[in-house]
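Spelled out from the first residue to the last, the chains are:
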Amino acid sequence: MPANVNIWDTIKRVMRFSLHYPPLLINLGVGVVLLFCAYSPYISPIAHPYWACAGLLFPFFVLGNAMFLFYWLVVRRKFLIVPLFFFVLSWAPLRAYMPINFGGKQTEQTGDTLRVLTYNTMNLFTEIREEGVSIFPSWEYVKNQNADIVCIQEFPLYLDKALEEVKKQYPYSHGHRLVGGNGLLFLSKYPILSYETINYPSDSNGSVAFYVKYKKDTLLVVNNHLESNRINDHDKEAYSELLHKPSKSNIVKKGWSLLTKLAKASAVRSVQADSVASYVKRQHRPLTIVCGDLNDSPISYTRRRISQGLTDAFMTRGNGVGFTYNKSRMYFRIDHLFVGSGFQVVDCRIDKTIDTSDHYPMWTVLRIPR
């Protein structure tokens, strides 16, 4: 009982002091909002679509709390405990958003190694004409990589010639056609035993599960392209203006319009994420790879649901924010790769050497211990 009284007395003293010390009160407010954003992935986007988007503000409040860390370091060191307290409570979301892994790539050990590439090629939008021949830099990139398994989103499946070009390198492939010529493409050096579509409501997105024979094992690989936020050029201009001129009128008019669009997409995407997560759980396969363009950040309901029971490859071996979307100053990591307990993540990185798509490719090296 005395311990409880002491804690309560301490809280009351801090609150009384904060009323006379505005910076402390502001720091407490920033910290509380930081925690709300950090754990917003537990909010149902169906029941509360707007609140579920709070994770998008997470980096801003991380920055705000970090600024108070330096402020107290200079002004009054005993209050360093306040921002540190909020960082400790939000440590898991911080690790998911911006992992730091010293040592990087794992040392080689006994086992079979598998190289996996996931890449949204933006329908090979960038085209170069050389001597009357069409060259697609994003496709050339895929062809020149020595991956074992490639999961591509937004690939124009009508390009039969392009698919013929990789037959020798990837003898096993399957294209799943979506609305508007958009498609999911799966390339593999190893036999595809079977595949099936994961059913969920969508007009132009999809998820396909592949069962691949890899030596003596059978792998489950799920290639995903979940609901897009459908951000058009007008929305991107509004977003850019919000960054440059965050006035009250801009936030109310343009910010609310953008948030409404994001909230609607989040609600649709949550149903899709539930479907993928339930499918993977039913299969109960340790050698599982779930990857693709999830169209959602690391602090989101979508990422939390799909990663349940799996290991986030970038969180395990990546470093930094690692954004994969690279256009219109909307820098987020919306492409992800998760693996089952049968894999060890050797390396995971985002390749920023090619920007002909609005996404960067994500590379992961996996090992099956023997």
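Model, not experiment: these values are computed from the prediction.

Caption draft 1: How the structure looks around the packing of aromatic side chains. Under the criterion given, the structure shown has 16 aromatic pairs. Between Tyr-21 and Phe-79 the ring centres are 6.1 Å apart and the planes differ by 50°, which places this aromatic pair in the tilted class. Of this pair, Tyr-21 sits in the loop between α1 (2-19) and α2 (22-38) while Phe-79 sits in the loop between α3 (58-75) and α4 (81-89), placing them 58 residues apart in sequence. Tyr-21 gets classed as buried once you look at its relative accessible area, which sits at 18%.

Caption draft 2: Examining a nonpolar patch on the surface more closely. On the surface, a nonpolar cluster with roughly 490 Å² of combined accessible area is contributed by Phe-70, Tyr-71, Leu-73, Val-74 and Val-75. Mapped onto the secondary structure, Val-75 falls in helix α3. On the accessibility criterion, Val-75 (42% relative accessible area) is partly exposed.

Caption draft 3: Looking closely at unusual backbone geometry. One non-glycine residue with positive phi stands out, namely Glu-154, at about 55°. Residue placement: Glu-154 occurs in the loop between β4 (149-153) and α7 (160-165). Even without being glycine, Lys-215 reaches a positive phi, approximately 55°. Along the polypeptide, Lys-215 turns up in the loop between β8 (206-214) and β9 (217-225).

Caption draft 4: Spatial organisation of α3. Compared with the 26 Å implied by 1.5 Å per residue over 18 residues, the 26 Å span of α3 between its first and last C-alpha is a close match. Every buried residue of α3 is accounted for by Phe-58, Val-62, Gly-64, Asn-65, Ala-66, Phe-68 and Trp-72. Residues of α3 that are buried make contact with α2, α4 and α5 (91-97).

Caption draft 5: Main features of the packing of α2 against α3. Running from N to C, α2 and α3 point in directions that differ by 145°, and their axes come no closer than 9 Å. For the pair α2 and α3, the crossing hand works out as left-handed. In this structure, α2 uses Pro-23, Leu-24, Ile-26, Asn-27, Val-30, Val-33, Leu-34, Cys-37 and Ala-38 to contact α3, whose residues at the interface are Phe-58, Phe-61, Val-62, Gly-64, Asn-65, Phe-68, Tyr-71 and Trp-72. Split by residue class, the contact of α2 with α3 holds 14 nonpolar, three polar and no charged.

Caption draft 6: Examining the sheet that holds strand β11 (residues 311-312) more closely. Within the open sheet, the six strands sit side by side as β7-β8-β9-β10-β12-β11. Their pairing is mixed. Edge positions in the open sheet fall to β7 (192-197) and β11, since each of these has one partner strand only. Pairing between β7 and β8: five bridges, direction antiparallel. Counted as the bridge partner of Glu-196 is Ala-209 from β8.

Caption draft 7: Just the environment of Trp-91, in detail. Mapped onto the elements, Trp-91 comes out in helix α5. Looking at Trp-91, the relative accessible area reads 54%, which means it is exposed.

Caption draft 8: Structural view of the pattern of salt bridges. Taken as a whole and judged by the stated rule, the model has seven salt bridges. Close ionic contact of Lys-215 with Asp-112 constitutes a salt bridge, the shortest N to O distance being 3.1 Å. Note that Lys-215 is positioned in the loop between β8 and β9 and Asp-112 in strand β1 (residues 111-120), a separation of 103 residues in sequence. Its relative accessible area of 16% is what places Asp-112 among the buried residues. For Lys-143, the salt bridge goes to Glu-140, with nearest N and O atoms at 3.0 Å. Separated by three residues within a single helix, Lys-143 and Glu-140 lie in helix α6 (residues 137-143), roughly one turn from each other.

Cut-offs and rules
Residues numbered from 1 in each chain as written. Predicted model: local features only at pLDDT ≥ 70, side-chain atom pairs only at ≥ 80, totals over all residues. Heavy atoms only, no water. Phe/Tyr/Trp six-rings, centres within 6.5 Å; stacked < 30°, edge-to-face > 60°. Helix = DSSP H or I, 4+ residues; strand = E, 2+ residues; numbered from the N terminus. Buried < 20%, exposed > 50% of the residue type's maximum accessible area, 1.4 Å probe, protein only. Patch = residues over 30% accessible without salt bridge, like charges linked within 9 Å, V, L, I, M, F, W, Y side chains within 5 Å. Areas by Shrake-Rupley, 256 points an atom, 1.4 Å probe, with all protein chains shown as cover. Salt bridge = Lys/Arg side-chain N within 4 Å of Asp/Glu carboxyl O. Expected span 1.5 Å × (residues − 1). Contact = heavy atoms within 4.5 Å. Axes fitted to C-alpha atoms, helices over the stretch in contact; angles between N-to-C directions. Left-handed = near helix turned anticlockwise from the far one by under 90°. Nonpolar A, V, L, I, M, F, W, Y, C, P; charged D, E, K, R; others polar. Pairing = 2+ DSSP bridges.

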